[in-house]
Amino acid sequence: MTKIKKIATYLDQQKWEMTFITNPTTVNYLTGFAMEPHERILGLMIFPDRSPLLFTPELEVEKAKALVDFDVVGYTDSENPWQKIGAQLAGYSIKTIAVEFDHLILSKSDGLKSVFADSNFANLSPFINQMRLIKSADEIDKMIIAGQYADKCFEIGFHFAASGNGVTEMDVVAKIEFEMKRLGISEMSFDTMVLTGARAANPHGVPEAVAIEPNKLLLFDLGVMANGYASDATRTIAIGQPGDFDRQIYEITRQAQQAAFDFVKPGVTAFEIDQVARDVITKAGYGDYFTHRTGHGIGMDVHEFPSIGGSEDITIEKGMCFSIEPGIYIPNQVGVRVEDCLYVTENGAKSLTHTSKDLLIF
Ligand code: MN
Ligand code: MN
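What this report covers is the structure whose coordinates are included nearby.

Scoring rules and cut-offs
Residues numbered from 1 in each chain as written. Chains lettered and ligands numbered in written order. Predicted model: local features only at pLDDT ≥ 70, side-chain atom pairs only at ≥ 80, totals over all residues. Heavy atoms only, no water. Donors = N, O, S within 2.8 Å, 3.2 Å for Na, K, Ca; no water. Helix = DSSP H or I, 4+ residues; strand = E, 2+ residues; numbered from the N terminus. Axes fitted to C-alpha atoms, helices over the stretch in contact; angles between N-to-C directions. Parallel < 35°, antiparallel > 145°, perpendicular 65-115°, else oblique. Left-handed = near helix turned anticlockwise from the far one by under 90°. Contact = heavy atoms within 4.5 Å. Pairing = 2+ DSSP bridges. Core = buried A, V, L, I, M, F, W, Y, C linked by side-chain atoms within 4.5 Å. Buried < 20%, exposed > 50% of the residue type's maximum accessible area, 1.4 Å probe, protein only. Phe/Tyr/Trp six-rings, centres within 6.5 Å; stacked < 30°, edge-to-face > 60°. Lys NZ or Arg CZ within 6 Å of the ring centre and 35° of its normal. Polar contact = N/O pair within 3.5 Å; in protein donor to acceptor, adjacent residues only side chain to side chain. Expected span 1.5 Å × (residues − 1). Salt bridge = Lys/Arg side-chain N within 4 Å of Asp/Glu carboxyl O.

1. A look at the coordination of the manganese ion (ligand 2)
Okay, step 1: Distances from the manganese ion (ligand 2) to its protein donors, Asp221 (OD), Asp221 (OD), Asp232 (OD) and Glu339 (OE), fall at 2.1 to 2.6 Å.
Okay, step 2: When the donors of the manganese ion (ligand 2) are listed by position in the chain, the intervening gaps give D-x10-D-x106-E.
Okay, step 3: Taken as an interatomic distance, the gap from the manganese ion (ligand 2) to the manganese ion (ligand 1) is 3.1 Å; Asp232 donates to each of them. Taken together, the positions of Asp232 in the loop between β10 (229-230) and β11 (233-239) and Glu339 in the loop between β16 (334-337) and β17 (340-344) put the pair 107 residues apart, joining distant regions of the chain.

2. Side note on the packing of helix α7 (residues 137-161) against helix α8 (residues 169-182)
Two packed helices can be described by the angle between their axes and the distance between those axes.
Okay, step 1: The interhelical angle for the contact between α7 and α8, taken along N-to-C directions, is 140°, at an axis separation of 9 Å. Viewed along their axes, α7 and α8 adopt a mutual orientation that is oblique. Between α7 and α8 the crossing geometry is right-handed. From α7, Tyr149, Lys152, Cys153, Ile156, Gly157, Phe160 and Ala161 reach across to α8, where they touch Asp171, Val172, Lys175, Ile176, Glu179 and Met180.

3. Focus on the sheet that holds strand β1 (residues 18-19)
Okay, step 1: If you trace the three strands from one edge of the open sheet to the other, you get β1-β5-β6, paired in parallel fashion. Every interior strand has two partners, whereas the edge strands, β1 and β6 (120-123), have only one.
Okay, step 2: As defined by bridge partners, β1 adjoins strand β5 (residues 96-99) across two bridges and the pair is classed as parallel. Bridge assignment links Met18 to a residue of β5, and that residue is Ile97.

4. Observations regarding the nonpolar core
Okay, step 1: With 39 residues, the main nonpolar core has Ile7, Leu30, Leu44, Ile46 and Leu54 as its most contacted residues.
Okay, step 2: In terms of residue count, helix α1 (residues 3-14) provides more of this core than any other element does, five residues in total.
Okay, step 3: Ignoring anything within four residues of it in the chain, the contact list for Leu54 reads Val27, Phe33, Leu42, Gly43, Leu44, Ala64, Phe70, Asp71, Val72 and Val73.
Okay, step 4: In terms of nonpolar packing, the next biggest core, distinct from the first, is built from 29 residues, Ile252, Ala277, Val334 and Val336 among them.

5. Some points on the coordination of the manganese ion (ligand 1)
Okay, step 1: Protein ligation of the manganese ion (ligand 1) involves Asp232 (OD), His296 (NE2), Glu325 (OE) and Glu339 (OE), the donor distances falling in the range 2.0 to 2.2 Å.
Okay, step 2: Look at where the donors of the manganese ion (ligand 1) fall in the sequence and you get D-x63-H-x28-E-x13-E.
Okay, step 3: Among the residues examined, His296 registers a relative accessible area of 3% and is labelled buried.
Okay, step 4: Residue Glu325 is classed as buried on the basis of its relative accessible area of 9%.

6. Here we look at the packing of aromatic side chains
Okay, step 1: In the structure shown here, the tally under the stated rule is ten aromatic pairs.
Okay, step 2: Considering the side-chain rings of Tyr10 and Trp16, the 5.6 Å spacing of their centres and the 90° angle between planes classify their relative orientation as edge-to-face.
Okay, step 3: Note on Phe158 and Phe220: the rings are 5.0 Å apart at their centroids and 70° apart in plane angle, and the pair reads as edge-to-face. With a gap of 62 residues between them, Phe158 in helix α7 and Phe220 in strand β8 (residues 216-222) connect regions that are remote in the sequence.
Okay, step 4: When its relative accessible area of 0% is taken as the criterion, Phe220 is described as buried.
Okay, step 5: In textbook terms, an aromatic cluster arises when at least three aromatic residues are bridged by ring pairs, as seen for Phe154, Phe158, Phe220 and Phe362.
Okay, step 6: The cationic tip of Lys113 hangs over the ring face of Phe121; the distance from NZ or CZ to the ring centre is 5.0 Å.

7. Looking at helix α2 (residues 24-31)
Okay, step 1: Burial analysis of α2 places eight of its eight residues in the buried class, which makes it a mostly covered element.
Okay, step 2: A distance of 2.9 Å separates the backbone nitrogen of Thr25 from a side-chain oxygen at the start of α2, and that oxygen is part of Asn23.
Okay, step 3: Downstream of α2 by a residue or two, Gly32 has a phi angle that is positive, lying close to 85°.

8. Examining helix α10 (residues 270-283)
Okay, step 1: An ideal rise of 1.5 Å per residue puts 20 Å on 14 residues; α10 measures up with 20 Å between its terminal C-alpha atoms.
Okay, step 2: For α10, every residue scored as buried is listed here: Ala270, Ile273, Asp274, Ala277, Arg278 and Ile281.
Okay, step 3: Looking at the buried residues of α10, the elements they touch are α9 (244-263), β13 (304-308), β14 (321-324) and β15 (327-330).

9. Considering unusual backbone geometry
Okay, step 1: The omega torsion of the bond from Phe305 to Pro306 falls at 0°, within 30 degrees of zero and hence cis.
Okay, step 2: With respect to the helices, strands and loops of the structure, Pro306 is situated in strand β13.
Okay, step 3: The phi dihedral of Asn227 is positive, around 55°, even though this residue is not glycine.
Okay, step 4: Turning to its location among the elements, Asn227 is positioned in the loop between β9 (225-226) and β10.
Okay, step 5: According to the relative accessible area criterion, Asn227 is exposed, its value standing at 52%.

10. Notes on the pairing of β11
Okay, step 1: Counting buried positions along β11 yields seven of seven residues, so the element is predominantly enclosed.
Okay, step 2: Burial along β11 is two-sided: the face carrying Ala233, Arg235, Ile237 and Ile239 and the face carrying Thr234, Thr236 and Ala238 are both buried.

11. Focus: the pattern of salt bridges
Okay, step 1: All told, the structure shown has 19 salt bridges when counted by the stated rule.
Okay, step 2: Residue Lys95 pairs with Glu17 through a salt bridge whose shortest N-O separation is 3.8 Å. Here the residue Lys95 occupies a position in the loop between α4 (81-88) and β5, and Glu17 occupies one in the loop between α1 and β1, the gap between them amounting to 78 residues.
Okay, step 3: Taken together, the shared-partner salt bridges in this structure form one network comprising Arg132, Lys135, Asp301 and Glu304.

12. Side note on the environment of Ile324
Okay, step 1: Examined against the element boundaries, Ile324 turns out to sit in strand β14.
Okay, step 2: Looking at Ile324, the relative accessible area reads 0%, which means it is buried.
Okay, step 3: Taking the C-alpha atoms as reference points, Ile324 and Asp151, separated by 173 residues in sequence, lie 16 Å from one another.
Okay, step 4: Contacts of Ile324, omitting those with residues within four sequence positions, involve Gln257, Ala260, Phe261, Val264, Ile273, Thr294, Val338, Glu339, Asp340 and Leu342.

As structure tokens, this is what we get:
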């Protein structure tokens, strides 16, 4: 069954008359049509009993028509998009519109209400999240490629960081992203993170024009978008000879990451995976310094379902993709994180990144 047919069947079961899907990533996932509407309107309307309708800015109509096998309607900047949508569905009784509560903003919700005055909204986000949770073989192939680029980023970044005195965090970020652009990668999956020494003790630290410190650890967290899929990986290396304490913190983190990774297989739960990583760090005495969940799902978005050690538990199934990324962050001293994303196989998991997890010293 196609993805769109799956949604149409679901609408029929729920007795909802239509969707108005606004998240560009969801539209891309369902149709292969990728675009960013910014403040303009992108809406994918799926119905239980008629063929879908894609509503998009006029600028994008030709591109969309080449990709989808149903009607595409455009609007120009001088037209009222909501009236145009209403006109397309004149005579149609719409009581419930399924929208993504995680995405639809109030101004667009008001726009829909202006043409479907008597309708209510139902939340389509849980169903979409569920669909995206299990990756197809084709999706996993794309994630493997995105992972290969992340490994390439590490290789470029490690050597550049070690290339001389005075190289800054931002120099390394720029070098990695410059080389990715040259390889045809047009965007990173998030802002590349390169943090030296104690600056890595902030798990969401921001790189600056700060020189990389010798004989300290250096944390890289990065990923790319390739063919619509994201990669995300973290390595912490050393520039020069780090002290014994840094080495010890590194080793505990690496063991926690490996233990949790090795534990993953169908049937275990997300909470159990989180616990395996947390136990290693807690037993070593640093539990209070592992301040975030162990991982998150990844796919077309760099963060998606499931959460590994978030507020909700889930049983792991073949085809799920998520990160394992424990860290230890000791303020003003040291920050270490080791992260790989993986896909779940019949009886275990395979990593999407392959850069060594031994403490690499440059
Ligand atoms: Mn991550
Ligand atoms: Mn990351």
